[in-house]
Amino acid sequence: MSRAAIALCLVLAPQISRAAEPVSSAELVKTAQAVFKDLKTATLENGLRVYLLPVKGSPTVSVMVAYKVGSADEEKDQTGLSHYLEHLMFKGTEKLMPGDIDRATQRNGGRNNAYTSEDMTVYHFDFAADRWQSALDIEADRMRNIRIDAKHEFQQEKGAVISELNGNEDQPGDLEYKAVLAMLWPKESPYSHPVIGQREHVQAATAEVIKRHYDKWYHPNNAALVIAGGFDAAETMAKVKTMFGAIPKGDLPKRKVPTYFKDRDGPARKEFESKFDQPRMVMGFNTVAVGTAEDPILDVVQYVLADGKTSRLYRKLVEDERVASSVDAGNYAGRYPGWFSVSLDLLKGKDRKQTEEMVLAELEKLATEPVSDEELARARKKLLARFVFSRESVHNLADAVARTSTYPDGDDVAKFFGDYLDRIAKVNKADVQRVAKEYLGRKKACIVWSVPKDDPKEKDAEKKDAEKGGGKRAGAAGPAKPLAARAADKPAGGPATFSLTDAKRTVLPNGMTVILLEDHKLPVVVGAVSVNDVGLREPADKNGVAALVGGLLEEGTDKHTGKQISALIEDTGGSLSLGGSGGSFKVLTPDTDLALGLLFECLQAPSFPAEAFARQKEQQLAAIDDAATQPQSLASETFQALVYGKHPYGRPGHGTRETVEKLTADDCRAFHKLAFAPNFTTVALVGDFKADEMLKRIEALTKEWKKSDAGKPAVEAPPKGTVVVEKIISDPTAAQVHVFIGQLGITRDNPDYYKLLVMDNVLGTGPGFTDRLSATLRDRQGLAYTVRATIASGAGTQPGTFTGYIGTFPEKYLDVRHGFLREFNRIRDEAPSKEEVEDAKKYLLGSLPFRFTTTSSVADQLLAAEKYGLGFDFLEKYKKEVASVTPADVQGVAKKYLDPKTLTIVVVGAIDKDGKPLGKK
């Protein structure tokens, strides 16, 4: 998807039909363009562009600064500087010392983060609307006053950056993405290297080199300040001018000039051995810059090819030919001409050459034959509807503005998006055909395959190629998004506050619980369904059947085939997703009846067709095998197994190869009948509807769904640990050592829950790097990119776990192990400071608005309140309980629930049984 599109995405009878009056593309364009009607812009004398987007009633505010500099602006012998600098921007100035930015954010209940791409670096803060202005102080200070030296932990942060790089390489797709970039562009071209940089360059980076990069680009005339949410625009503009106006503009260097390979006479290829179990492919094509006429057409092409189950490549490769477990496509247009990707995960033993030819044939067909009316309309509707959905989040709105401000001709954000949306609505068949022919031809393809060493098909291919005098082939995954982020998850703001006490709860005659909450600010409706105890009802000898049933729920019913279901929902531009514990949908208001009908049809009457059963089973087996070769997944599953023993939570969610291979369609039917019943089910709907009418619709749709007489499932209790259990699994291919450390946890109704929530924040879940583990192991010692520890987040109807995790260097495992134990003992042996606890409480209370920023998040909160018996007024209890926690309480629960003498430790990585790096004595 192009950067423009990335910025955007962001009484019924029991008979399914389309909405009587579907929303037209023209109406959607008009609704979407209204997103920026209140956007106010100004350019200060120093060149800083200011964008203010007030959103009436928003409980949050997002503040972003976007610098027009990224990896494309780096020298080829100094790659990764922009991303490294992004990390260092949180280390401080003369006024701000390491940790100060995170502590200021924590005390105001906010969130901060940043990300770097090829063309930009964007910093963001999200706060409640009554406490956001501290973000301006920080951004004004660090725009020109950043310090990069030993005092500000330059060298320690290098360890975190290298750890991030290593962690990426332990995930499928990263190496394939890096390989294809070098094939698409000559070495000297701006986009030929990964955003995170080359390992040797990051390791060799000096403070002086990165400071020069900062001094080149970090100036107000190369930046945009974006504020969106609940604030007063006039007051804010005056404050911005006062705080930022005096910062002098800088002399900016000339931009790089892109270079390209000469026209190819055939596909360029690369193959390498993969350490993962599935072969993977990424195919790339040079394309266009963002904002060009072809850019929105390529977004439509992306949706036609690989968005959803109706897309051409999904139908061909996943459903019809059953050669791939997943397929994806992306339009990555940038400041310079970018690229288009097609990627897939191949099922083991399938023919790579034939699969590759299928992809190329679909691309050629797109270039030679017009797309159907249905395909074109569906792709346009999806793009436009998802833009409307993105209006819910002020964070997403701010991010859309911030990104666009860095594009060529992107200063006028409202015009840029207005033009983009108009172009999407006007894309026609000839446009799609022309652009596919121009950019996605066979001769222009760059193809990377990565193949596991023991892949049987690889051996067959080698033999055949040798007989023909040919060379080897290999297999790979889809490209990682061309984006390096400071943390995995980006926070989201939102446009409205909700009173959960306005929700209406009803138990239907069949036992199903229905929760309805009206919200008419947007023409959007979200439904979320939770089916209780599905995993607990799964027999041990049929481990994996719950996941298999979940995957088959939308593959066909007594009324519709799987293809019909996916076409019906995707034609609305909305989404429907089902799984082993329920499902959800999100649609525009006129499509509510359709989505609601499909949701309950799939939950009540799946048909488990033979073809879909075989396909889903094959994909599940492939996922099981592949997870076993991913070190973090292997460590996590092993940890769960040791902590839970014979309890169902000790078994892998997808099952084992042994159990899944034996499953039949009849097993799925029997398990569905056992586990899916209305009296086990809660449905929450939030959005643009009338509650009384909606209740009648739901009751009509589910009146034939019979309740079950089955009671709560009986499960074996998890074992109580008595000694330290340490299991080391040596994996010489792992780039990182992945460590899970912890023990059995608590249930959500535990009276100590809120005290443990505060303890978590002090110990291992504080925002930024405010918690003890992050501050020591990550921030001060540079031993990791990711470290955490939590007990409250795993609490459910069954006991969760207390779990710590870190990804570190092989030579640092013993240091990390000692660091965890030291912090566990410290929080048990001495009460945390009053300041630590007060800061944790401020964050937990101040960040509450972020739980209610979208209709989807509100629906999730309603389901949780019902599942755990919290009541819809649980926020008042939450505030009271958290506010009353004392340092003595934190120490008390740490002593009670954290026992270093009974920990379970699981480690997977390139270390030996003694915890030392492989090959070293």
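Residues numbered from 1 in each chain as written. Predicted model: local features only at pLDDT ≥ 70, side-chain atom pairs only at ≥ 80, totals over all residues. Heavy atoms only, no water.

### Considerations on the nonpolar core
In terms of nonpolar packing, the biggest core is built from 145 residues, with Met283 and Leu862 touching the most fellow members. Beyond its immediate sequence surroundings of up to four residues, leucine 862 is in contact with Leu500, Ala503, Ile515, Leu517, Ala684, Val686 and Phe872. Ile565, Leu594, Cys602 and Met694 belong to the second-largest nonpolar core, a separate cluster that totals 51 residues. (Core = buried A, V, L, I, M, F, W, Y, C linked by side-chain atoms within 4.5 Å. Buried < 20%, exposed > 50% of the residue type's maximum accessible area, 1.4 Å probe, protein only. Contact = heavy atoms within 4.5 Å.)

### Examining the packing of helix 5 (residues 134–142) against helix 10 (residues 233–244)
Running from amino to carboxyl end, helix 5 crosses helix 10 at an angle of 30°, the nearest separation of the two axes being 10 Å. Overall, the two elements helix 5 and helix 10 adopt an arrangement that is roughly parallel. The interaxial crossing formed by helix 5 with helix 10 has right-handed handedness. Contacts from Leu136, Asp137, Glu139 and Ala140 of helix 5 reach helix 10 at Lys239, Val240, Met243 and Phe244. Each residue belonging to the contact of helix 5 with helix 10 can be placed in one class, and the counts come to five nonpolar, no polar and three charged. (Axes fitted to C-alpha atoms, helices over the stretch in contact; angles between N-to-C directions. Helix = DSSP H or I, 4+ residues; strand = E, 2+ residues; numbered from the N terminus. Parallel < 35°, antiparallel > 145°, perpendicular 65-115°, else oblique. Left-handed = near helix turned anticlockwise from the far one by under 90°. Nonpolar A, V, L, I, M, F, W, Y, C, P; charged D, E, K, R; others polar.)

### Some thoughts on the sheet that holds strand 23 (residues 904–909)
Within a sheet, each strand pairs with its neighbour through backbone hydrogen bonds, oriented either parallel or antiparallel. Taken together, the five strands give an open sheet; going across it, the order is 19-23-20-22-21, and neighbouring strands pair in mixed fashion. With one partner strand each, in any of the chains shown, strand 19 (725–730) and strand 21 (787–790) form the two edges of the open sheet. Neighbour-to-neighbour, the strand axes of this sheet turn through a mean angle of 10°, independent of strand direction. As judged from the four bridges shared by strand 21 and strand 22 (residues 801–808), these two strands associate in the antiparallel manner. Paired with arginine 788 across the strands is tyrosine 805, a residue of strand 22. (Pairing = 2+ DSSP bridges.)

### Quick word on the pattern of salt bridges
By the definition in use, this model includes 67 salt bridges. The closest approach of N and O atoms between aspartate 277 and lysine 348, which form a salt bridge, is 3.0 Å. With aspartate 277 in the loop between strand 7 (268–274) and strand 8 (280–286) and lysine 348 in the loop between strand 10 (339–346) and helix 13 (352–368), this residue pair connects regions lying 71 residues apart in the sequence. Given a relative accessible area of 10%, aspartate 277 falls into the buried group. Connected through shared salt-bridge partners, Lys91, Glu153, Glu157, Arg778, Asp779 and Arg780 make up one network. (Salt bridge = Lys/Arg side-chain N within 4 Å of Asp/Glu carboxyl O.)

### Some points on a nonpolar patch on the surface
Taken together, the side chains of Leu642, Val723 and Val725 present a nonpolar region at the surface, about 220 Å² in accessible area. Here valine 723 is to be found in the loop between helix 26 (691–702) and strand 19. (Patch = residues over 30% accessible without salt bridge, like charges linked within 9 Å, V, L, I, M, F, W, Y side chains within 5 Å. Areas by Shrake-Rupley, 256 points an atom, 1.4 Å probe, with all protein chains shown as cover.)

### Focus on helix 29 (residues 813–829)
For helix 29, spanning 17 residues, the distance from its first C-alpha to its last is 24 Å, which sits close to the expected 24 Å at 1.5 Å a residue. Taken together, the buried positions of helix 29 are Tyr813, Val816, Gly819, Phe820, Glu823, Phe824, Ile827 and Arg828. The arc that holds the buried residues of helix 29, viewed along the axis, is 165°, so those residues lie on one side. More than 90 degrees from the buried face of helix 29, the exposed residues found are His818 and Asp829. (Expected span 1.5 Å × (residues − 1). Arc of directions from axis to C-beta.)

### A look at the pairing of strand 6 (residues 223–229)
Both faces of the sheet carry side chains from a regular strand, because those side chains alternate between them. Judged by how many residues are buried, strand 6 sits mostly within the fold: seven of seven residues are covered. Burial of strand 6 is two-sided: the residues Ala223, Leu225, Ile227 and Gly229 facing one way and the residues Ala224, Val226 and Ala228 facing the other way are all buried. Sheet topology places strand 2 (residues 49–54) next to strand 6; six bridges connect them, and they run parallel. Bridge pairing links leucine 53 to alanine 228 in strand 6. Pairing of strand 3 (residues 60–67) with strand 6 involves seven bridges; the strand directions are antiparallel. The residue bridging valine 65 from the neighbouring strand is leucine 225, located in strand 6.

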